[in-house]
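# Observations on the three-dimensional arrangement
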Amino acid sequence: MKIIRIKLLGLLIYIITGTVFIVFMSGCSSTEDFHFKTGDLLFRGENLSGLSGAIDDVTQTGDDNHFSHVGLVQVIDGEVNVIHAEGVLGVCIQPLDSFMYDKNGDRFYVEAFRLKHGSNDIVSRAVSLASSAIGEPYNFSYIIDDEGYYCSELVWWAFAPDSVFVLEPMTFKNHPGGSFHPVWETHYNDLGIAIPEGKPGCNPNGLAASDKIYRLGVVD
């Protein structure tokens, strides 16, 4: 009888432990275990063709990130909005659902990140600056000093007063010492300016790799 009781107790512990493990794992794989906060960053994996593909091709950080767009979350009256710089709209603010889908209604792959040490003051300054740029054009030259903003430039600039992100020398080549990516050659030829190789800049993959932020999970 004692042996049977011990076996039953062991089975019960196994079932309870297994159930807890399953619940825990299911929670970890979903965005249900976090709520968006103002100041969160959303990194978008786009249809990697054209400029989006060229951005990803020349900015890989050696991990599994394939991001070519980024936006800043602002929660207004419980609604999640995203401030970002987009080619057609320029700097704009959109509801999360609009940010999540392309013009054909296809859903983007999006991951959410958060500052590791983001005080209310840092976040407030960043959102205030980003909001002040709404209506500005998109910066197609990707040169920091030129008019307008590109997506990662907007995020870098919004957090610049607190030195959250840093600028790095830009490259438009597929690999060091290689030739320029053909999409970038065409892009800058159309603009009538030289490719700004080596000038300071930033990109979504670089921001996502920063040690100042951490990954919350996939937005689903």
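Coordinates for the structure precede this section.
Residues numbered from 1 in each chain as written. Predicted model: local features only at pLDDT ≥ 70, side-chain atom pairs only at ≥ 80, totals over all residues. Heavy atoms only, no water.

Within the chain one finds 7 helices and 8 strands. Relative to its full complement of 220 residues, the chain shows a buried share of 41%. A sequence separation of at least 24 residues applies to 70% of the contacts in the chain between residues at least 6 apart. Summing over all exposed atoms, the chain offers an accessible surface of approximately 12,300 Å²; the carbon and sulfur share of this is 57%. (Helix = DSSP H or I, 4+ residues; strand = E, 2+ residues; numbered from the N terminus. Buried < 20%, exposed > 50% of the residue type's maximum accessible area, 1.4 Å probe, protein only. Contact = heavy atoms within 4.5 Å. Areas by Shrake-Rupley, 256 points an atom, 1.4 Å probe, with all protein chains shown as cover.)

Moving on to the sheet that holds strand S3 (residues 79–86). Taken in spatial order, the 6 strands of this open sheet run S4-S3-S2-S1-S5-S8, and their pairing is antiparallel. The sheet is open, and its two borders are formed by strand S4 (90–95) and strand S8 (213–218), each paired with just one other strand. The average angle at which neighbouring strand axes cross in this sheet is 30°, direction not considered. Here 5 bridges tie strand S1 (residues 41–45) to strand S5 (residues 109–115), and the two strands are oriented antiparallel to one another. Looking at S5, one finds that Leu41 is bridged to Phe113. Running over the sheet, helix H4 (residues 120–132) touches strand S2 (69–76), S3, S4 and S5 and is turned about 110° from S2. (Pairing = 2+ DSSP bridges. Axes fitted to C-alpha atoms, helices over the stretch in contact; angles between N-to-C directions.)

Right, let's get into the packing of H4 against helix H5 (residues 151–159). In contact at an axis separation of 7 Å, H4 and H5 are set at 135° when each is read in the N-to-C sense. Here H5 runs oblique to H4, going by the angle between their axes. Seen from above, H4 lies across H5 with right-handed handedness. From H4, Ile122, Arg125, Ala126, Leu129, Ala130 and Ser132 reach across to H5, where they touch Leu154, Trp157, Ala158 and Phe159. When grouped by side-chain class, the residues that make up the contact of H4 with H5 number 8 nonpolar, 1 polar and 1 charged. (Parallel < 35°, antiparallel > 145°, perpendicular 65-115°, else oblique. Left-handed = near helix turned anticlockwise from the far one by under 90°. Nonpolar A, V, L, I, M, F, W, Y, C, P; charged D, E, K, R; others polar.)

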